[in-house]
Amino acid sequence: PSNLYLRDIYCDSTHNTVWVASYNGIIRYYNGNFTLLNDTNTAGIAQYYEAVETITEDAAHNIWFGTVYGGLLKFDGNAFSTMLLPATVGNQLVTSIAFIGDTMYVGDNLHGIWTYVNGQWDSLNTCNSDISSNYITAMLVDKNGNLWASHLDYGLDVYSNSGFAVSGVSKVVSDVASAFPNPSNGRFNVVLKQAEEAEIRVLSINGKLIGHFNLSGSNGIIDLSNNPAGLYVAIITTKTGSSALKLIRR
């Protein structure tokens, strides 16, 4: 076929296969032969325009394909199945897929990064996190479990393996503030190392904005009493820079 418009390539050692994403479907190289798979000749593949944008593999060796306007495809070694993003995603254009543990991160060209874990979808976007742009072009997980995301117009963002944005943040352990008691039952005393104005944004581990606080002086209170137990991150911004402080709610 001509005009395949190849978009991605993946070496699948488990199935002894090379997969190639194209705008005419999925090209499979297996046992010395090329085969074009799309919705006209393969059961279970049904996406608009047959276009595939990206390919990756999860820990269970399932191969995942991000389609243009058709959501996700999964190949389990025997058959293909489809999986759609939440209904709020109108165009279902998947630009990138990455895995950290049991969490799947899915980038699209309008809504930022979707997270899928335990059968539930959530999101990281410009409204609820530090993500620079909702147009995600590619994602990669490094050996430390950090998620790197590139944008169409805004360069790179980096997310730590606990799920919060660290772009522009100097250290995960804050050198400008401390909190006590930590862990606590919900109320944290925050002490700045020098008296100055500070903005504090508290994020959940999946990047949701939980609370916004302003300090003027050297100390203040972060109250997470109405939030469930777990790990939170306070992004502390002063005129000298930003850093992150882990908070543990018992």
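Located above this text is the structure these notes cover.
Residues numbered from 1 in each chain as written. Predicted model: local features only at pLDDT ≥ 70, side-chain atom pairs only at ≥ 80, totals over all residues. Heavy atoms only, no water.

Visitor: Explain the sheet that holds strand β9 (residues 94–100) to me, please; I cannot follow it from the model alone.
Guide: Consider a sheet: its strands pair through backbone hydrogen bonds, and that pairing is either parallel or antiparallel. The strand order across the open sheet built from 4 strands is β9-β10-β11-β12, with neighbouring strands paired in antiparallel fashion. The strands lining the two open edges of the sheet, one partner per strand, are β9 and β12 (120–124). Here the strands of the sheet are splayed against their neighbours by 25° on average, with no regard to which way each runs. Sheet topology note: the β9/strand β10 (residues 103–108) ladder contains 6 bridges and is antiparallel. Bridge assignment links Ile100 to a residue of β10, and that residue is Thr103. (Pairing = 2+ DSSP bridges. Helix = DSSP H or I, 4+ residues; strand = E, 2+ residues; numbered from the N terminus. Axes fitted to C-alpha atoms, helices over the stretch in contact; angles between N-to-C directions.)

Visitor: What is the right way to read unusual backbone geometry from this model?
Guide: Working note: non-glycine residues mostly have negative phi, and peptide bonds are mostly trans. Here the bond from Phe180 into Pro181 is cis, since omega is -15°, no more than 30 degrees from zero. As for its placement among the helices and strands, Pro181 is situated in the loop between β16 (177–180) and β17 (187–204). Between Asn182 and the following residue, Pro183, the backbone shows a cis peptide bond with an omega angle of 15°. Residue position: Pro183 is located in the loop between β16 and β17. Not every positive phi belongs to a glycine, and His61 is a case in point at roughly 70°. Mapped onto the elements, His61 comes out in the loop between β5 (52–57) and β6 (63–67). Note on His61: relative accessible area 37%, which makes it partly exposed. Positioned with a positive phi, Asn118 is a non-glycine residue whose angle comes to about 55°. (Buried < 20%, exposed > 50% of the residue type's maximum accessible area, 1.4 Å probe, protein only.)

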